[in-house]
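Observations on the three-dimensional arrangement
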Amino acid sequence: MGRERLFTIAPFAVVAALAAGVALAGFIASPHARPEASGTFGSNPSATPTPTAVSPSPEASPSSAPSAVASDPRSNDAAEMLRVHNELRAAIGAPAVRADARVTAAAQHHAEYLARAGAIGHDETEGQPGFTGASVRDRLVAQGYADATASEVAASSDSGTEDVRFLWDLPYHRLGLMHPHAAVAGWGHAEIGGHTATVGVVIFDFAAAAPDRVRSPAAGQRVSGSWAGEETPDALPTGAARPVGYPVMVVFSRAPSVDLKTATITDASGRDVPLSVVPQIYERDYAAVVPTAPLPAGARYRVRLELSVGGNDVVEEWEFETER
């Protein structure tokens, strides 16, 4: 399966466990069209809930073999898609998300709605075939999962497991999929009338313990040196050349306000890699940068991010490698 696909994320809001909330959103990605965003999440179950993630705890340590996730047969099975999602999380030291039949059902029903309509997105129209709820929150409620803080992503190709990996590459989509407070996830895939759709729904738990932060790629991880650079909202500056290098991100728990002061990525000879900064548009608990050109294969890079995290100066420094 090539990159001929559509993808999307539902907007969401992240709210700190003890403080006010910060709005987030989702996206739509497409192989032909540029990805777009839409979706929602929040952390106060008594308020108007929708998608979310975050909570404190010790720093996550990446899996003992944080290199590329093991290859597996292409599959559209919900359990296999969740397994791939958890392998991607384990590779960066993020805790596993657990399955819930209600969340999986909400994802599957929306995938069927999209495939039947030949569309990709997060909204449904009442009266249309397969309607189960206008928003991701409504669809969760219909399955008996009320007051959820949730986010939704969607893509269109013939392989659900490949769509999970594809969505992980996109910085705004990866944000929710890798979030330290993601707790539950459900995936669905449908093929109807020649149209396909893969949908992931992620539930966040701010009350649960979580790593202080997770980084992607993780220290020592081996990743692709390039990314197509197609996402909506656009993570790159207007007019940026594409493809670009693999996006580098750090996400903190408890929704602190994060400000990026300086960012450098250097190669083994100490030369700086030109970077662009991914704008914070959905929440403030992360920082992300993207090399402006694909990185050579089989090379090692050092990342150094100087940040203000909740008003405190923090330096994040680690190394990763590109695949050969």
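Structure: above.
Just so it is clear, the structure is predicted and the values come from calculations on it, not from any experiment. (Residues numbered from 1 in each chain as written. Predicted model: local features only at pLDDT ≥ 70, side-chain atom pairs only at ≥ 80, totals over all residues. Heavy atoms only, no water.)

**Description of the nonpolar core**
Membership of the largest hydrophobic core comes to 54 residues, with the highest contact counts inside it found for Trp-187 and Leu-307. Counting 21 residues, the second-largest nonpolar core is a separate cluster that includes Val-103, Ala-115, Ala-148 and Val-184. (Core = buried A, V, L, I, M, F, W, Y, C linked by side-chain atoms within 4.5 Å. Buried < 20%, exposed > 50% of the residue type's maximum accessible area, 1.4 Å probe, protein only.)

**With respect to the sheet that holds strand β10 (residues 222–223)**
Pairing between sheet strands relies on hydrogen bonds along the backbone, with the strands arranged either parallel or antiparallel. Spatially, the four strands line up as an open sheet ordered β10-β18-β17-β14, and their pairing is mixed. Every other strand in the sheet has two partners, leaving β10 and β14 (258–267) as the edge strands with one partner each. Note that β14 and strand β17 (residues 300–309) share nine bridges and pair antiparallel. Of the residues in β17, the one forming a bridge with Leu-260 is Leu-307. (Pairing = 2+ DSSP bridges. Helix = DSSP H or I, 4+ residues; strand = E, 2+ residues; numbered from the N terminus.)

**Details of the sheet that holds strand β15 (residues 275–277)**
Across the sheet, which stays open at both edges, the four strands sit in the order β9-β13-β16-β15 with antiparallel pairing between neighbours. Both outer strands of the open sheet, β9 (213–216) and β15, are each paired with one neighbouring strand and no more. Each adjacent strand pair in this sheet contributes to an overall mean axis angle of 15 degrees, direction not counted. For β15 and strand β16 (residues 286–291), the ladder comprises three bridges, and the chain directions are antiparallel. Note that in β16 the partner of Val-277 across the bridge is Val-289. Running at roughly 40 degrees to strand β13 (residues 248–252), helix α5 (residues 171–178) makes contact with β9, β13 and β16 of the sheet. (Axes fitted to C-alpha atoms, helices over the stretch in contact; angles between N-to-C directions. Contact = heavy atoms within 4.5 Å.)

**Considering the side chain of Glu-152**
Its place among the elements puts Glu-152 in strand β6 (residues 150–156). According to the relative accessible area criterion, Glu-152 is buried, its value standing at 1%. A distance of 2.5 Å separates polar atoms of two side chains, one belonging to Glu-152 and the other to His-122. A polar atom in the side chain of Glu-152 sits 2.9 Å from the side chain of Arg-139. (Polar contact = N/O pair within 3.5 Å; in protein donor to acceptor, adjacent residues only side chain to side chain.)

**Thoughts on the environment of Val-199**
Mapping Val-199 onto the fold places it in strand β8 (residues 195–204). On the accessibility criterion, Val-199 (0% relative accessible area) is buried. Separated by 35 residues in the primary sequence, Val-199 and Val-164 place their C-alpha atoms 9.0 Å from one another. If sequence neighbours within four positions are ignored, Val-199 has contacts with Ala-107, His-110, Ala-111, Leu-114, Glu-152, Val-153, Ala-154, Gly-186, Trp-187 and Gly-188.

**Examining helix α2 (residues 101–117)**
The periodicity of an α-helix, 3.6 residues per turn, causes residues three or four places apart in sequence to face the same way. Counted at 1.5 Å a residue, the expected span for α2 with its 17 residues is 24 Å, and the 24 Å between its end C-alpha atoms agrees. The complete set of buried residues in α2 reads Val-103, Ala-106, Ala-107, His-110, Ala-111, Tyr-113, Leu-114 and Ala-115. The opening residue of α2 is Asp-100, an N-cap whose side-chain oxygen sits 2.8 Å from the backbone nitrogen of Arg-102. Where α2 ends, the next residue or the one after it, Gly-118, has phi of about 65 degrees, a positive value. (Expected span 1.5 Å × (residues − 1).)

**Description of the packing of helix α1 (residues 78–90) against helix α4 (residues 160–169)**
One way to put it is that α1 packs onto α4 with a least axis distance of 8 Å and a crossing angle of 30 degrees. In terms of orientation, α1 and α4 fall into the roughly parallel class. For the crossing formed where α1 meets α4, the hand is right-handed. Facing Glu-80, Met-81, Val-84, His-85, Leu-88 and Arg-89 of α1, the residues of α4 in contact are Gly-160, Thr-161, Val-164, Arg-165 and Trp-168. (Parallel < 35°, antiparallel > 145°, perpendicular 65-115°, else oblique. Left-handed = near helix turned anticlockwise from the far one by under 90°.)

**Concerning the pairing of β16**
With six of its six residues buried, β16 lies for the most part within the structure. Alternating residues of β16 divide into Tyr-286, Ala-288 and Val-290 and Ala-287, Val-289 and Pro-291, and every residue in both groups is buried. Pairing of β13 with β16, which is carried by four bridges, proceeds in the antiparallel orientation. Paired with Val-251 across the two strands is Tyr-286, which belongs to β16.

**As for the environment of Ala-142**
Tracing the backbone shows Ala-142 in helix α3 (residues 136–142). Residue Ala-142 is classed as exposed on the basis of its relative accessible area of 52%. Sequence separation between Ala-142 and Ala-105 is 37 residues; the distance between their C-alpha atoms is 9.8 Å.

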